[in-house]
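# Fold and geometry: a report
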Amino acid sequence: MLVRRSGLGRAGNGLELAVPRFIIMGSEPVPKLETAVLDVVGTDAHGLEGLSLPWRTRLRQADLVAAPQRLLVGLRCWLQETCDPADGSGYAALGLAPNAGSSPELIPTDRPDELMAHLRAALAEGKQVVVLASGDPLWFGIGRLLLQAFPAGQLRFHPAPT
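The rules behind each value
- Residues numbered from 1 in each chain as written.
- Predicted model: local features only at pLDDT ≥ 70, side-chain atom pairs only at ≥ 80, totals over all residues.
- Heavy atoms only, no water.
- Helix = DSSP H or I, 4+ residues; strand = E, 2+ residues; numbered from the N terminus.
- Buried < 20%, exposed > 50% of the residue type's maximum accessible area, 1.4 Å probe, protein only.
- Contact = heavy atoms within 4.5 Å.
- pLDDT = per-residue confidence, 0-100.
- Polar contact = N/O pair within 3.5 Å; in protein donor to acceptor, adjacent residues only side chain to side chain.
- Salt bridge = Lys/Arg side-chain N within 4 Å of Asp/Glu carboxyl O.

## Topic: the environment of Thr43
Residue placement: Thr43 occurs in strand S5 (residues 38–43). A relative accessible area of 2% places Thr43 in the buried class. Linking Thr43 and Pro159, residues 116 residues apart in sequence, is a C-alpha distance of 7.4 Å. Those residues in contact with Thr43 that lie beyond four places of it in its chain are Leu51, Arg70, Leu71, Leu132, Ala133, Ser134, Gly135 and Ala160.

Right, here's the structure in full:
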């Protein structure tokens, strides 16, 4: 099931409200990458292993991936092929072939001020950006900060099922 909500909505008093786009992932493929749109992807308790193969592929296609420090170690491992395949970690465990192209730039989300400036610059350059978050980014997550820093039309939220 894919649910989309986007654009401007009308409040009961006739005022127009900016509404961010929400996408709830089901069995449908991940939407094609767009420029100047920031995808915010929630992860469940399994972290990267909990992401579907299309989302893992999307991470490889991005120019910039921002994530909490705890997820960056795993990201570096399978994106840059520094994992030990013998221990079951890395790209093979995540169902990905070794990365033939370049890996995306990885930055931590743990310092929001630095993060917002970096994301703003990347979007201005037309880069494809993905932010990984824990759970639902709009439920006590990074989503509120992103909505304060960017126009709603530049954000696409993909919460993890809970």
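## Comments concerning the confidence of the model for the protein
Detailed reading of the predicted model is not advised wherever pLDDT is low. For the protein, per-residue confidence averages 75 on the pLDDT scale, and residues scoring 70 or more make up 65% of the total. With pLDDT under 50 throughout, residues 1–28 is counted as low confidence; its partners more than four residues away or in other chains account for 56 contacts.

## Quick look at the side chain of Asp39
Topologically, Asp39 is positioned in strand S5. Looking at Asp39, its side chain comes within polar contact range of the side chain of Arg58, at 2.7 Å. There is a polar contact of 2.7 Å between the side chain of Asp39 and the side chain of Arg156. The contact partners of Asp39, leaving out residues within four places of it in the chain, are Arg58, Val129, Val130, Val131, Arg156 and His158.

## Re the pattern of salt bridges
Following the criterion strictly, the structure yields three salt bridges and no others. Put simply, Arg58 and Asp39 hold a salt bridge, and the shortest N to O gap is 2.7 Å. Here Arg58, found in helix H1 (residues 53–61), pairs with Asp39, found in strand S5; they are 19 residues apart in sequence, far enough to count as distant. Of the two residues examined, Arg58 and Asp39, each falls in the buried class. Sharing partners across several salt bridges, the network here consists of Asp39, Arg58 and Arg156.

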